[in-house]
Amino acid sequence: MSQPPDLREAPAHHAAPSCPPGSTTGRVVIVSASVGAGHDGAAAQLALRLSHLGFSVDRHDFLDLIPAGFGRLVSDSYRLLLTIAPSAYQRIYSATENAGRPGLMIRLMQRSSHRRLLRRLPPDTLAVVATYPLAGQVLGTLRRRGRLAVPAAVYLTDFSVHPLWVAPGADLHLAAHPVPAGQAREHGAERVVVAGPVVDPRFTPATDAQRSAARARFGLPADAPLALLVAGSWGVGEVAKVAAEIRDTGAAVPVVVCGKNGPLAARLRADGIEHAFGWVDDMPGLMHACDVLVQNAGGLTSLEAFACGLPAVSYRCIPGHGQTNAAALDEAGLAPWIEDPADLKPVLAAMVDGITRRRYREAGLALHREATGPANAIAAVAEQYAAERSGATTTSPAIPAIPAQRRHPGRATAPAPRRPVRKLGIAAAALAATAWLATGGTQLAVAYGGFDTVDPDHTGRAYLVVHPPHSGRLDDATLRTLVAEKAAVSIDAAEAAADPGEVRRLASAGLTVVNAGYGPPYATGIVTRRDSVEAGATALRAATGAAARFFLSGTDLDALDLGLAAYHHEHVVVPDARIACGTSTTPAVRPGQVVLVECGDAHPADLSATLHRLATTPHRLPRLGALTTLS
């Protein structure tokens, strides 16, 4: 198969239609996925441009094509991994990157979607486009097997190319820049067109008047340099840490967009980050107001910033595609990747003003100004197919020949016979995976120190957590003992609401305050109170004005509990041993344990006695550590 020529069209963010809008020449179907906002964002802009070119456009979510709700489970699991266990996501990403073919689970998902996708292609379909890698894999498979008659294209929404993006059998792979195009070819793609990015036409360079008006509209400082920090539609990554680091450099004022993660925006404002927003509809205006973009995923937002003439940097990128995108953007000369925190201040200063800023700004604008854009390339493929089907000739630019794989002339698809046994098997597998994630699998991982559970085994120290008595306040002597022993205190939602002054006193003394949810028996999980994490976090923030960093629980958490803890940036603490306050005997405490002293309705004096017994022979405590060293 030969390499196609560079198909040309108008600049990507000012695409000029080649035929009047409404003069429909056929239909193009776009398959995206609601995994973040980048895939859908690219699909929406492709649909707009193809409509201007006279095509009818249908859009489908690939997750809806996977039966038994398994597609949504995959999306939710992906989000949880990024939030709760980013290192695990990195391992999965690396493993699939090195594999020669998609794994068994991915192949099952693809196979289960074949018939559903074919059913959604009307007879007048002239081309199908994927903006999501698994959708592209399905299209390529159907083309190779002769079950999809119309040409298939894959639009690469990432700036780096994971092997799953390359779909053997697809007629075209469309890249935004020569760097991702080269990566696609290295992974085996034979038909790659450097078509440039596609973003909303509202993303254009701002005048000085537009900049001033945008700052006033968003309530931003009129003259200070502003760094726009984005973390995708889910608000994932080390957002709070990066916002604080930007503020502390003094080089720029952080302006943070948390997407749909409203609790994160509220938490940032409570922590002193004044300009923290949730979902922002007017992102072009906010970009007009700012001087530099700080991003952690290298997705659509970066391309939108380039169209606005807003220089971008990559910093503390999320695992997997976030880091590979950052490397690719750096290689392309479009955005430097700050890998050392010590470089944050000088790089931000250089990107706010000076020669470096102008160089990167011009590179970003040139990416859009000189881009060919993907819409006309897709249109040319569709028009050639239409001409071949009708036996006519076409005046479209030459493109690779489309294999004659139709089984039924005049139809876009050739559905396979029903396979109910396979459907039942896939549904059973999805149900089993859901049950594992909701119950036993998560509990097992928590029990063995996974999913962001604090793990003191390697430290050689023990960690003391005390749930104070309900019946009264601790005396000053006991408080000093707890501080000296580096103990943490667990406070449940009812206690925080009943006596917020005492909670503030404990926190002010230097004790680490732990979210105890609804209190003993510290139960969460699928069959117990669902809002335990949320209730405790809210009550402690109201009492102390600060977020708790830890959540006390048993091993009965499920995936949703872990997600809630992660949203509140709380590490899970599961006690290895429990001691009842006031008992006459206490067990020996070993290094590497988290020990919970549970006081309940005991008298405050009983806690002093228990602490004394723990500290005396033969049960002298090993060296104690502070929970904060494990976060």
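Given the structure is predicted, the values throughout are model-derived calculations rather than measurements. (Residues numbered from 1 in each chain as written. Predicted model: local features only at pLDDT ≥ 70, side-chain atom pairs only at ≥ 80, totals over all residues. Heavy atoms only, no water.)

**Some details on the packing of aromatic side chains**
According to the stated counting rule, one finds two aromatic pairs in the structure shown. Ring centres of Phe62 and Tyr132 lie 5.9 Å apart, and the angle between their planes is 45 degrees; this geometry places the pair in the tilted category. Highlighted residues: Phe62 in the loop between strand 2 (55-61) and helix 2 (70-84) and Tyr132 in the loop between strand 3 (125-130) and helix 5 (133-144), separated in sequence by 70 residues. Look at Phe218 and Phe277: their rings are 5.8 Å apart centre to centre, the planes differ by 85 degrees, and that puts the pair in the edge-to-face class. Within this pair, whereas Phe218 is found in helix 7 (residues 208-218), its partner Phe277 is found in strand 9 (residues 275-277), the two being separated by 59 residues in sequence. In this structure, Phe218 and Phe277 share a single accessibility class: buried. (Phe/Tyr/Trp six-rings, centres within 6.5 Å; stacked < 30°, edge-to-face > 60°. Helix = DSSP H or I, 4+ residues; strand = E, 2+ residues; numbered from the N terminus. Buried < 20%, exposed > 50% of the residue type's maximum accessible area, 1.4 Å probe, protein only.)

**Considerations on the side chain of Thr478**
Looking at where Thr478 falls in the secondary structure, it is placed in helix 18 (residues 476-484). Of the residues examined, Thr478 reaches a relative accessible area of 2% and is grouped as buried. Setting aside chain neighbours within four positions, we find Thr478 in contact with Leu607, Ser608 and Leu611. (Contact = heavy atoms within 4.5 Å.)

**Focus: the environment of Ala214**
Inspection of the secondary structure assignment puts Ala214 in helix 7. Accessibility expressed as a relative area gives 1% for Ala214, which makes it buried. Taking the C-alpha atoms as reference, Ala214 lies 9.3 Å from Pro284; in sequence the two are 70 residues apart. Other than its neighbours up to four places away in sequence, Ala214 contacts Gly285, His288 and Ala289.

**What to know about the sheet that holds strand 5 (residues 172-175)**
In a beta sheet, neighbouring strands pair by backbone hydrogen bonds and run either parallel or antiparallel. If you walk across this open sheet you meet the six strands as 2-1-3-4-5-6, and the pairing is parallel. The strands lining the two open edges of the sheet, one partner per strand, are strand 2 and strand 6 (192-194). Within this sheet the neighbouring strands show an average axis-to-axis angle of 25 degrees, counted without direction. Those strands touched by helix 1 (residues 38-52) are strand 1 (26-32), strand 2, strand 3 and strand 4 (152-155), and its axis lies near 165 degrees from that of strand 2. (Pairing = 2+ DSSP bridges. Axes fitted to C-alpha atoms, helices over the stretch in contact; angles between N-to-C directions.)

**Things to note about the pattern of salt bridges**
Following the criterion strictly, the structure yields 17 salt bridges and no others. One salt bridge connects Arg316 with Glu245, and the closest N-O pair in it is separated by 2.8 Å. Here the residue Arg316 occupies a position in the loop between strand 11 (312-315) and helix 12 (321-331), and Glu245 occupies one in helix 8 (residues 239-249), the gap between them amounting to 71 residues. Exposure remark for Arg316: the relative accessible area of 23% places this residue in the partly exposed category. (Salt bridge = Lys/Arg side-chain N within 4 Å of Asp/Glu carboxyl O.)

**Quick notes on the confidence of the model for the chain**
Interpreting fine coordinate detail is not advised for predicted regions of low pLDDT. Confidence in the prediction for the chain averages 79 pLDDT; 75% of positions are at 70 or higher. Note on residues 1-24: pLDDT is under 50 here. Beyond four places in sequence and across chains, it has 77 contacts. Taken as a whole, residues 413-418 scores under 50 in pLDDT and shows 16 contacts with residues more than four places along the chain or in a different chain. (pLDDT = per-residue confidence, 0-100.)

**What about helix 20 (residues 500-508)?**
Along helix 20, the residues classified as buried are Glu502, Val503 and Leu506. Down the axis of helix 20, the sector holding all buried residues measures 100 degrees, keeping them to one side. Looking at the buried side of helix 20, the elements it contacts are helix 18, strand 14 (488-491), helix 19 (493-498) and helix 21 (532-544). Where helix 20 ends, the next residue or the one after it, Gly510, has phi of about 105 degrees, a positive value. (Arc of directions from axis to C-beta.)

**With respect to the sheet that holds strand 12 (residues 337-338)**
Pairing is parallel in the open sheet, where six strands are placed in the order 9-8-7-10-11-12. Taken across any chain shown, the strands that pair with only one partner, and hence form the sheet edges, are strand 9 and strand 12. Here two bridges tie strand 11 to strand 12, and the two strands are oriented parallel to one another. Bridge pairing in strand 12 places Ser314 opposite Trp337.

**Things to note about the pairing of strand 3**
Within strand 3, six of the six residues are buried, which leaves the element mostly enclosed by the surrounding structure. Where strand 1 lies against strand 3, five bridges are found, and the strand directions are parallel. Each residue of the ladder has a partner; that of Val29, found in strand 3, is Val128. Two strands pair when backbone bridges link them, and strand 3 and strand 4 are joined in this way by three bridges, in the parallel orientation. The residue bridging Val129 from the neighbouring strand is Ala153, located in strand 4. With helix 5 bridging strand 3 and the parallel strand 4, this β-α-β connection has right-handed handedness. (Right-handed = clockwise from strand over helix to strand, strands pointing away.)

**Remarks on a negative patch on the surface**
A cluster of acidic side chains, namely Glu186, Asp330, Glu331, Glu339, Asp340 and Asp343, defines a negative patch on the protein surface. Relative to the helices and strands, Asp343 resides in the loop between strand 12 and helix 13 (344-352). (Patch = residues over 30% accessible without salt bridge, like charges linked within 9 Å, V, L, I, M, F, W, Y side chains within 5 Å. Areas by Shrake-Rupley, 256 points an atom, 1.4 Å probe, with all protein chains shown as cover. Lys, Arg positive; Asp, Glu negative; His and termini not counted. Charge placed at Lys NZ, Arg CZ, Asp CG, Glu CD.)

**Looking at the nonpolar core**
Within the largest apolar cluster, 54 residues are counted, with the highest numbers of intra-cluster contacts made by Phe62 and Leu148. Only strand 1, helix 1, helix 4 (104-119), strand 3, helix 5, strand 4, strand 5 and helix 15 (375-390) provide two or more residues apiece to this core. At seven residues, helix 15 tops the list of elements feeding residues into this core. (Core = buried A, V, L, I, M, F, W, Y, C linked by side-chain atoms within 4.5 Å.)

**Concerning the pairing of strand 15 (residues 512-515)**
Here strand 15 shows two buried faces, one formed by Thr512 and Val514 and the other by Val513 and Asn515. Of the strand pairs in this sheet, strand 14 and strand 15 are connected by four bridges, and their pairing is parallel. Bridge pairing in strand 15 places Ser490 opposite Val514.

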